[in-house]
Amino acid sequence: MSAAGLPERVRIMEVGPRDGLQNEPGVVPTGAKIRFIEGLAGAGFSDIEVTSFVSPRAVPQLADAAEVCAALPKRSDLRLVALVPNEKGLERALEAGIRAVAVFTAASESFTKKNVRMTIDESFEAFRPVAARAHKEGLWLRGYVSTAFACPYEGAVDPSRVADVTSRLFDLGAHEVSIGDTIGVAVPADVDRLLALLLKRFPAGKLAMHFHDTRGTAIANVEASLRAGISVFDSSAGGLGGCPYAPGAGGNLATEDLIYLLDRLGVHTGVSLEGVMAASRELARSMGRPLPSKVLQAGGVMRPLGPAT
Ligand code: COA
Ligand code: ZN
């Protein structure tokens, strides 16, 4: 903890190449994806979620997962994570040299049904063999809980349901569980309420928060999470993304906006804001449209400002 009661350092899981690109209406060419990920790797991330080994019919934007992974440099200081929904996905990920995988379910039944055509219980049945194999192969395993605050079909989600799903993911052997505001509705009071419950049951160091900025509240929610002791955040370079199964879920929290806040709070990330902006700009050029990150649009930090203490 720093003097201000904030964690001294934060680990960022960069999810733009997966959560971002899966929601693009068009398919970004494989070469542009690889350059984007290489640019992000050069910016200093320790963790990048690079793609999904899901059904190419469900997410055609990431059908080139194997090609993307094959082209990426394997470095001991950079964890390349891939999303897998089932054993077939895990098999494909292993063949592509991936050593860290994420499984995903949700705290609401209707969302899970639309997203993976399973009930929450069935999704856990599908993960059991995936988790067992991942453990046997020595892989790092992450779990995602989507719709942790509200569901686009059912409305508000009870924090105790989030705690139950989180607990089941840890029981399966997840090293980290990411708690997602998939449709970007949470405000800091919701975050306080959910984390008060979760942190009674799970260590802060094993939880990540995954905010979407659909209603402009993501950065406020990050600050509330930091004050509660959370030190892992998911974000997407340029603010790319959302989720195709969550209507209206625009824009993940932009990595540039997150780093700007953390830099000004004096919280160490190890990631260069300029480096992320360069990777986002190059991707924006190949997509032919600007990306929504506010800090990116403002041109970053015009002159060094230092911590706001
Ligand atoms: N990789 C590639 N193909 C896969 C696959 C995987 N991981 N899992 C299933 N498939 C293929 C099957 O081989 C089958 O192909 P075929 O019709 O050519 O024989 C087809 O997909 C259907 O398989 P099935 O097991 O019946 O799955 P389903 O149609 O019920 O779909 C999921 C279930 C989970 C595979 C699919 O909904 C999915 O991949 N969803 C991903 C959603 C997502 O990524 N959301 C992002 C988080 S917001
Ligand atoms: Zn997301």
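Residues numbered from 1 in each chain as written. Chains lettered and ligands numbered in written order. Predicted model: local features only at pLDDT ≥ 70, side-chain atom pairs only at ≥ 80, totals over all residues. Heavy atoms only, no water.

(A) How the structure looks around the overall build of the protein. Looking only at helices and strands, the protein has 12 helices and 10 strands in total. If one aligns the C-alpha atoms of the protein with their principal axes, the spans along those axes are about 50 × 45 × 35 Å. Scored against the burial criterion, the 309 residues of the protein give a buried share of 55%. Restricting to contacts in the protein with at least 6 residues of sequence separation, those with at least 24 account for 75%. Across the protein, 33 positive and 34 negative side-chain charges occur, with their mean positions spaced 1 Å apart. (Helix = DSSP H or I, 4+ residues; strand = E, 2+ residues; numbered from the N terminus. Buried < 20%, exposed > 50% of the residue type's maximum accessible area, 1.4 Å probe, protein only. Contact = heavy atoms within 4.5 Å. Lys, Arg positive; Asp, Glu negative; His and termini not counted. Charge placed at Lys NZ, Arg CZ, Asp CG, Glu CD.)

(B) Summary view of the coordination of the zinc ion (ligand 2). The protein atoms that coordinate the zinc ion (ligand 2) are D19 (OD), H210 (NE2) and H212 (NE2), at distances spanning 1.9 to 2.1 Å. Read N to C, the donor residues that coordinate the zinc ion (ligand 2) are spaced as D-x190-H-x1-H. Here D19 is found in helix 1 (residues 16-20), whereas its partner H210 is found in strand 9 (residues 207-211), with 191 residues between them in sequence. Here D19 and H210 have matching classes, each one buried. (Donors = N, O, S within 2.8 Å, 3.2 Å for Na, K, Ca; no water.)

(C) Spatial organisation of the sheet that holds strand 8 (residues 176-181). Taken together, the eight strands give a closed barrel; going around it, the order is 1-2-3-4-5-8-9-10, and neighbouring strands pair in parallel fashion. Pairwise comparison of adjacent strand axes, ignoring direction, gives a mean angle of 25° for this sheet. In the sheet, strand 8 pairs with strand 9 via five bridges, with the strands oriented parallel. Bridge pairing in strand 9 links V177 to L207. Strands strand 8 and strand 9 of the sheet are contacted by helix 8 (residues 188-201), whose axis makes an angle of about 160° with strand 9. (Pairing = 2+ DSSP bridges. Axes fitted to C-alpha atoms, helices over the stretch in contact; angles between N-to-C directions.)

(D) Looking closely at the pattern of salt bridges. Counted under the stated rule, the structure contains 17 salt bridges. Put simply, E282 and R35 hold a salt bridge, and the shortest N to O gap is 3.1 Å. One end of the pair, E282, is in helix 11 (residues 273-287); the other, R35, is in helix 2 (residues 30-42), with 247 residues separating them in the sequence. R79 is the partner of D47 in a salt bridge, and the nearest nitrogen-oxygen pair spans 2.8 Å. (Salt bridge = Lys/Arg side-chain N within 4 Å of Asp/Glu carboxyl O.)

(E) Structural detail: helix 11. Between its terminal C-alpha atoms helix 11 stretches 21 Å, which fits the 21 Å expected from 15 residues at 1.5 Å a residue. Those residues of helix 11 that are buried lie in contact with helix 2, helix 10 (255-265) and helix 12 (294-297). Count one or two residues on from helix 11 and you reach G288, which has phi positive near 70°. (Expected span 1.5 Å × (residues − 1).)

(F) Here's a closer look at the pairing of strand 2 (residues 47-52). Extensive coverage of strand 2 is indicated by the burial of six of its six residues. One ladder, built from two bridges, connects strand 1 (residues 11-14) with strand 2; its direction is parallel. Counted as the bridge partner of E14 is I48 from strand 2. Pairing between strand 2 and strand 3 (residues 79-83): five bridges, direction parallel. Bridging from a neighbouring strand, I48 pairs with L80 of strand 3. Each parallel crossover has a hand, and for strand 2 linked through helix 3 (residues 65-71) to strand 3 it is right-handed. (Right-handed = clockwise from strand over helix to strand, strands pointing away.)

(G) Looking closely at the environment of A43. Tracing the backbone shows A43 in the loop between helix 2 and strand 2. Assessed through its relative accessible area of 3%, A43 is described here as buried. For the pair A43 and T217, spaced 174 residues apart in sequence, the C-alpha to C-alpha distance is 26 Å. If we ignore the near neighbours within four places in the chain, the residues touching A43 are G270, V271, S272, G275 and V276.

(H) Geometry of the packing of aromatic side chains. If you walk through the whole model with that rule in mind, you get three aromatic pairs. Ring plane angle 40° and centroid distance 5.3 Å describe the contact between F170 and F202, whose orientation is recorded as tilted. You can see F170 sitting in helix 7 (residues 159-171) and its partner F202 sitting in the loop between helix 8 and strand 9, a full 32 residues away along the chain. Of the two residues, F170 and F202, neither departs from the other in class, the shared state being buried. A cation sits over an aromatic face here: R18 above Y144, 5.5 Å from the ring centre. The ring of Y153 has K114 lying over it, and the distance from NZ or CZ to the ring centre is 4.7 Å. (Phe/Tyr/Trp six-rings, centres within 6.5 Å; stacked < 30°, edge-to-face > 60°. Lys NZ or Arg CZ within 6 Å of the ring centre and 35° of its normal.)

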